[in-house]
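Overview (structure and organization)
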Protein chains: 2
Amino acid sequence: MDIVDSSEAPGPTPVFFVAGGTGISAETLGNLMLAQFPGLHFTRRKIPFITTVEQARTVLAQIDGVTTETVAPLVFSTVSDQQIRQELQRTKAAFIDLFGSHLDTVERVLHVNATHSATALHGVGDTLRYDRRMQAIEFAMEHDDGASLRNLEQADLILVAPSRCGKTPTSMYLALQHGLKVANYPLVPEDFDSDQLPRPVKELGDKCFGLLSTPARLSQVRGERRPGSTYASLAQCSHELRRAEALYRAHRIPSINSAKMSVEEMATVIMQSSRLPDLG
Amino acid sequence: MDIVDSSEAPGPTPVFFVAGGTGISAETLGNLMLAQFPGLHFTRRKIPFITTVEQARTVLAQIDGVTTETVAPLVFSTVSDQQIRQELQRTKAAFIDLFGSHLDTVERVLHVNATHSATALHGVGDTLRYDRRMQAIEFAMEHDDGASLRNLEQADLILVAPSRCGKTPTSMYLALQHGLKVANYPLVPEDFDSDQLPRPVKELGDKCFGLLSTPARLSQVRGERRPGSTYASLAQCSHELRRAEALYRAHRIPSINSAKMSVEEMATVIMQSSRLPDLG
């Protein structure tokens, strides 16, 4: 019985993400494609930093080692080196070349041959980029939740929101991925006694961006921190969100609802809305 | 003269990154390809969140509006919706479909049809993911630079290193992108008087991962913070790095040199080396 069952219901499909660099693109794009097959199961394995033909041969043996008549793995590759790609393409598994198959098109459009080499990633530009990101992260940490007001006017962006609407992760993401100096400032219940922005950000309204959530989601998140508190109650969350929204509207501060968005999506929308440059 | 010059040396090639989501993959993979053409110049424009055929028509007009006999833009797309893709493919520009062209292969291997729809990204899994990332970020902020020792044993990873070797950005990246609870702990000159790990991490050596740098790079980074100081001197940096390396070796703490690596690369190497799961 067991044998019949297992041949009728094959196991998960092995998926390999192979890359010359970190494999982040291969993984993201591969997973985006796999998400189009919601009923199926996969086992995922990332194999980053493949930079020699010898390493490619080891990878090849590894992939072909799990390939059988009934098990057909998927290989998503962003390897750019031509020789390494040729080696990998000899696999018995399905090889999805996210890079090479499109490079011909780009060459044709640009009338220039690609270097076909592992990209030199570590020039002066990368040191500058690293330094900028590091400074942005330090700025974001210093200015998290209104902890410091020093040099607040140097912020590229100030996120304002009631507690637990996602200020901190969004600030960190924008700093880390886009090199932006992002401060975040909390709106506490006392701030809603007036129709004005809190004093420290009052003159910086054009740098502000508001976050909102839904009462249910906010209550859930606050409840994890302080279960059963007034702070986490649906009534309190609902009140603070209503007042925050009114405040944003009165001061023409753009805002988004973070309840159903990922950090990446929020960051993208905020940058688009505030026309912030990508300094990452 | 000007006219002849401009026809011989055309302006930068317009590049569009079009996506149904944030466009992060389209941008990363597209830029990886453009890096293969080091002599050329590009103007880049990201157009995220294209989810309707109407929006696609607007994008099409925008792209075709800059397409002339001498200007051939490149369009990198990760749009997954079939109707939207068909609309975008009508462009006069070169359309590089990072998604659809490979989906046929995946369908063939899996013997299942793709749903061909914009992926439903916001299920329960995403809320859990968001919460995990948020907790990881808070943990990383609380445990930055040895600021707190509370629940240090709950860390998935403890980065140790002399000041300014990249502990903070690497911790934040691992927390934000991979949902890992990462503490970081500084090695200060006094720690080198002994051959032991600093007391707070002494019993947690198996969670530790060391960062190193080159004396020149470390001196440069420290010099930006405290120009002309002993702290930033080449001799001091060289001494601390040598002692840190000896300490890692004595306690079998794996380590990497951060001087020539991006944050993404460091994170990938550390996760691989320490066999950390991707909880992101």
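This one's a predicted model, so the numbers in the text were calculated from it and none came from an experiment.

**A word on the interface of chain A and chain B**
Contacts between chain A and chain B engage 82 residues on the former and 82 residues on the latter. Surface buried jointly by chain A and chain B totals about 6,800 Å² across both partners, of which 68% is contributed by carbon and sulfur atoms. Its largest share of buried area at the contact with chain B, chain A owes to Gln36, Phe37 and Tyr130 of chain A, together 11% of the area lost on that side. Along the contact surface separating chain A from chain B lie 10 salt bridges. Residues Arg164 of chain A and Glu138 of chain B are paired through a salt bridge, measuring 2.6 Å at the closest nitrogen-oxygen approach. Taken together, chain A and chain B are joined by seven residue pairs in polar contact (both at pLDDT 80 or more). Element by element, the count of residues in the side of chain A that touches chain B is highest for helix 6 (residues 124–142) of chain A, at 10 residues. Considered class by class, the residues forming the side of chain A that touches chain B number 40 nonpolar, 25 polar and 17 charged.

**Overview of the packing of aromatic side chains**
All names here are of chain A. Per the stated rule, a full pass over the model turns up two aromatic pairs over all chains. Pairing Phe17 with Phe76 gives two aromatic rings, centres 5.9 Å apart and planes at 20 degrees, and the pair type is stacked. Of this pair, Phe17 sits in strand 1 (residues 13–18) while Phe76 sits in strand 3 (residues 74–77), placing them 59 residues apart in sequence. Of note, Arg226 hangs over the ring of Tyr231, and the distance from its end group to the ring centre comes to 4.2 Å.

**Quick word on the relation of the copies chain A and chain B**
One copy of the chain maps onto the other through a rotation about an axis plus a displacement along that axis. Laying chain A over chain B is done by rotating through 180 degrees and shifting 0.0 Å along the axis; what remains is an RMSD of 0.1 Å. Seen this way, the second copy is the image of the first under a two-fold rotation axis. Identified as the residue of chain A closest to the rotation axis by C-alpha distance is Ser25 of chain A, at 2.9 Å. The fraction of interface residues of chain A whose copies in chain B are also interface residues reaches 100%, indicating that both copies meet through the same surface.

**Considerations on the domain arrangement of chain A**
Segmentation of chain A into domains returns domain 1 (12–110) and domain 2 (124–273). Between domain 1 of chain A and domain 2 of chain A, the C-alpha centre-to-centre distance is 39 Å.

**Focus: the packing of helix 2 (residues 24–34) of chain A against helix 2 (residues 24–34) of chain B**
Two quantities define a packed helix pair, namely the angle between the axes and the distance from one axis to the other. At a minimum axis distance of 10 Å, the contact between helix 2 of chain A and helix 2 of chain B shows a crossing angle of 135 degrees. In this view, helix 2 of chain A runs oblique relative to helix 2 of chain B, as classed from their interaxial angle. Every pair of crossing elements has a handedness; the one defined by helix 2 of chain A and helix 2 of chain B is left-handed. When helix 2 of chain A is examined against helix 2 of chain B, the residues Ser25, Thr28 and Leu29 of chain A are found in contact with a partner set consisting of Ser25, Thr28 and Leu29 of chain B.

**Overview of the nonpolar core**
Among the nonpolar cores identified, the biggest contains 100 residues, and Ile158 and Leu211 of chain A together with Ile158 and Leu211 of chain B are the most heavily contacted of them. In this structure, Ile96 and Val109 of chain A together with Ala26 and Met33 of chain B belong to the second largest nonpolar core, which totals 38 residues.

**Examining unusual backbone geometry**
For Asn151 of chain A, which is not glycine, the phi dihedral falls at a positive 55 degrees. When you line up the elements, Asn151 of chain A lands in the loop between helix 6 and strand 5 (157–162). Given a relative accessible area of 30%, Asn151 of chain A falls into the partly exposed group. Despite not being glycine, Arg252 of chain B has its phi angle at roughly 50 degrees, a positive value.

**Things to note about the state of the cysteines**
For the structure shown, the criterion picks out zero disulfides over all chains. Cys165 of chain A takes part in no disulfide bond, and the closest cysteine sulfur, belonging to Cys237 of chain A, lies 8.3 Å away.

**Quick word on the environment of Cys165 of chain B**
Tracing the sequence through the fold places Cys165 of chain B in the loop between strand 5 (157–162) and helix 7 (167–178). A relative accessible area of 1% means that Cys165 of chain B is categorised as buried. In sequence terms Cys165 of chain B and Ser213 of chain B are 48 residues apart; their C-alpha atoms lie 5.9 Å from each other. Every residue in contact with Cys165 of chain B, bar those within four places of it in the chain, is listed here: Tyr130 of chain A together with Leu211, Leu212, Ser213, Leu218, Leu241 and Ser258 of chain B.

**Here's the deal with the pattern of salt bridges**
Counted according to the given criterion, the structure contains 28 salt bridges over all chains. Put simply, Lys46 of chain A and Glu27 of chain A hold a salt bridge, and the shortest N to O gap is 3.3 Å. Separated by 19 residues along the polypeptide, Lys46 of chain A in strand 2 (residues 42–47) and Glu27 of chain A in helix 2 bring together distant segments of the chain. Classification of Glu27 of chain A as buried rests on a relative accessible area of 18%. Of the charged contacts, one joins Arg243 of chain B and Asp195 of chain B as a salt bridge, the two residues approaching to 3.7 Å between their closest N and O atoms. Taken together, the residues span a long stretch of sequence, with Arg243 of chain B in helix 10 (residues 234–250) and Asp195 of chain B in the loop between strand 6 (182–187) and helix 8 (199–202) at a distance of 48 residues. On the accessibility criterion, Asp195 of chain B (54% relative accessible area) is exposed. Put simply, Glu54, Arg57, Glu87 and Arg90 of chain A are held in one network by salt bridges that share partners.

**Quick notes on the sheet that holds strand 3 of chain A**
Residues and elements named next belong to chain A. The four strands lie next to each other as 2-1-3-4, forming an open sheet whose pairing is parallel. Only two strands of the sheet have a single partner each, and these edge strands are strand 2 and strand 4 (94–97). Taken pair by pair, the neighbouring strands of this sheet meet at an average axis angle of 20 degrees, ignoring direction. Judged from the four bridges that link them, strand 1 and strand 3 form a sheet pairing that is parallel. Across the sheet, Val18 pairs through a bridge with Ser77, a residue of strand 3. The sheet contacts of helix 2 involve strand 1, strand 2 and strand 3, and relative to strand 1 the element is tilted by about 150 degrees.

**Notes on the environment of Thr170 of chain A**
Residues and elements named next belong to chain A. Within the fold, Thr170 resides in helix 7 (residues 167–178). You can call Thr170 buried: its relative accessible area is 0%. For the pair Thr170 and Ala267, spaced 97 residues apart in sequence, the C-alpha separation works out to 6.4 Å.

About the cut-offs
- Residues numbered from 1 in each chain as written.
- Chains lettered and ligands numbered in written order.
- Predicted model: local features only at pLDDT ≥ 70, side-chain atom pairs only at ≥ 80, totals over all residues.
- Heavy atoms only, no water.
- Contact = heavy atoms within 4.5 Å.
- Buried area = accessible area lost by both parts, 1.4 Å probe.
- Salt bridge = Lys/Arg side-chain N within 4 Å of Asp/Glu carboxyl O.
- Polar contact = N/O pair within 3.5 Å; in protein donor to acceptor, adjacent residues only side chain to side chain.
- Helix = DSSP H or I, 4+ residues; strand = E, 2+ residues; numbered from the N terminus.
- Nonpolar A, V, L, I, M, F, W, Y, C, P; charged D, E, K, R; others polar.
- Phe/Tyr/Trp six-rings, centres within 6.5 Å; stacked < 30°, edge-to-face > 60°.
- Lys NZ or Arg CZ within 6 Å of the ring centre and 35° of its normal.
- Least-squares fit on C-alpha atoms with pLDDT ≥ 70 in both.
- Domains from an automatic or database assignment.
- Axes fitted to C-alpha atoms, helices over the stretch in contact; angles between N-to-C directions.
- Parallel < 35°, antiparallel > 145°, perpendicular 65-115°, else oblique.
- Left-handed = near helix turned anticlockwise from the far one by under 90°.
- Core = buried A, V, L, I, M, F, W, Y, C linked by side-chain atoms within 4.5 Å.
- Buried < 20%, exposed > 50% of the residue type's maximum accessible area, 1.4 Å probe, protein only.
- Disulfide = S-S within 2.5 Å.
- Pairing = 2+ DSSP bridges.

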